[in-house]
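Here's the letter readout for the chains.
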Amino acid sequence: MSNEMKERLVRLAAAVAERRDETAFAELFDYFAPRIKSYLLRLNMEPGQAEELTQEVMITLWHKASQFDPAKSSLSTWLFRIARNRRIDAFRRDKSALLDADDPALQPSQPDAADDIVEAEERDERVRKAMLDLPEEQAMLVRQAFFLGRSHSQISEDTGLPLGTVKSRIRLAFARLRRTLEGDGGEMTLH
């Protein structure tokens, strides 16, 4: 994530904290909610529960934005920490789940190495730039499938496009992204 983007997110969070700015909150919601839900799904949460916890995290942002301190962490770190803690709380509330104290998912995560963070941000920036070169119909499908976590069937249903068309356009977009990313000297694998 670029410094400019980080600063923009901090300004939006400040607008929510100071003025209860609904437009700023909507922009933060659109940016973070899909990422938080995807993170929770990667931790093997049920989709409904991941959606519910994502909503809780975003409600926390609305009510407690004033507690965010950009000097201590980035906004994304703060929100993902809230999501992680809410996930742990959800497991504790679930009487049928037996917590294993040694479960790595329940252990505090080690901070990422600085070079890993820089490398990930550079990769993300290259992908964002490559996405701008895609035809809009392909870019829209890629965003739905990979950033919003929607299945090809859901996309087909929402857009009215045949399932085969959705799959073909995503496959073409991936081929184009791969060529662009490999052409800019980046070693990147797309799955």
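Preceding this section is the structure that the text describes.
Residues numbered from 1 in each chain as written. Predicted model: local features only at pLDDT ≥ 70, side-chain atom pairs only at ≥ 80, totals over all residues. Heavy atoms only, no water.

1. A look at helix H4 (residues 75-93)
Okay, so step 1: Along its 19 residues, H4 runs 27 Å from first to last C-alpha, staying within 8% of the 27 Å computed at 1.5 Å per residue.
Okay, so step 2: Every buried residue belonging to H4 is among Leu75, Ser76, Trp78, Leu79, Ile82, Ala83, Arg84, Arg87, Ile88 and Ala90, and all of these are buried.
Okay, so step 3: As for H4, its buried residues are in contact with helix H1 (3-19), helix H2 (22-42) and helix H3 (47-64). (Helix = DSSP H or I, 4+ residues; strand = E, 2+ residues; numbered from the N terminus. Expected span 1.5 Å × (residues − 1). Buried < 20%, exposed > 50% of the residue type's maximum accessible area, 1.4 Å probe, protein only. Contact = heavy atoms within 4.5 Å.)

2. Observations concerning the packing of aromatic side chains
Okay, so step 1: Tallied over the full model, the rule gives five aromatic pairs.
Okay, so step 2: Their ring planes at 85° and their centres at 4.8 Å tell us that Tyr31 and Phe32 sit as a pair that is edge-to-face.
Okay, so step 3: Given a relative accessible area of 16%, Tyr31 falls into the buried group.
Okay, so step 4: Following the ring pairs from residue to residue traces out a cluster consisting of Phe25, Phe29 and Trp62.
Okay, so step 5: Here the basic side chain of Arg35 rests over the ring of Tyr31, its NZ or CZ set 3.8 Å away from the ring centre. (Phe/Tyr/Trp six-rings, centres within 6.5 Å; stacked < 30°, edge-to-face > 60°. Lys NZ or Arg CZ within 6 Å of the ring centre and 35° of its normal.)

3. What about the nonpolar core?
A general feature of soluble globular proteins is that nonpolar side chains tend to end up buried together.
Okay, so step 1: Counting residues in hydrophobic clusters, the biggest one holds 29 residues, and the most contacted among them are Leu28, Phe32, Ile36, Leu40, Leu61, Leu75 and Leu79.
Okay, so step 2: Mapped onto this core, the elements with two or more residues apiece are H1, H2, H3 and H4.
Okay, so step 3: With nine residues, H2 is the largest single contributor of residues to this core.
Okay, so step 4: Contact partners of Phe32, with chain neighbours within four places excluded, come to Leu9, Met58, Leu75, Ser76 and Leu79.
Okay, so step 5: Core analysis: the second largest hydrophobic core is formed by ten residues, Val127, Val142, Ala173 and Leu181 among them. (Core = buried A, V, L, I, M, F, W, Y, C linked by side-chain atoms within 4.5 Å.)

4. Describing a negative patch on the surface
Okay, so step 1: A surface patch of negative charge is lined by Asp112, Asp115, Asp116, Glu119 and Glu122.
Okay, so step 2: Relative to the elements of secondary structure, Asp116 occurs in helix H5 (residues 114-132). (Patch = residues over 30% accessible without salt bridge, like charges linked within 9 Å, V, L, I, M, F, W, Y side chains within 5 Å. Areas by Shrake-Rupley, 256 points an atom, 1.4 Å probe, with all protein chains shown as cover. Salt bridge = Lys/Arg side-chain N within 4 Å of Asp/Glu carboxyl O. Lys, Arg positive; Asp, Glu negative; His and termini not counted. Charge placed at Lys NZ, Arg CZ, Asp CG, Glu CD.)

5. Remarks on the side chain of Gln144
Okay, so step 1: With respect to the secondary-structure elements, Gln144 resides in helix H6 (residues 136-147).
Okay, so step 2: Look at Gln144 and you get buried, because its relative accessible area is 15%.
Okay, so step 3: In this structure Gln144 touches Gly149, Arg150, Ile155 and Thr159, once residues within four positions along its chain are discounted.

6. Brief notes about the packing of H5 against helix H8 (residues 163-183)
Okay, so step 1: Where H5 contacts H8, the two axes come as close as 10 Å, and the packing angle between them is 125°. Compared by their axis directions, H5 and H8 come out oblique. Crossing of H5 against H8: the hand is right-handed. Taken together, the residues of H8 that come into contact with H5 (itself represented by Arg126, Val127, Ala130 and Met131) are Leu177, Thr180 and Leu181.
Okay, so step 2: Among the residues making up the contact of H5 with H8, the classes are represented as five nonpolar, one polar and one charged. (Axes fitted to C-alpha atoms, helices over the stretch in contact; angles between N-to-C directions. Parallel < 35°, antiparallel > 145°, perpendicular 65-115°, else oblique. Left-handed = near helix turned anticlockwise from the far one by under 90°. Nonpolar A, V, L, I, M, F, W, Y, C, P; charged D, E, K, R; others polar.)

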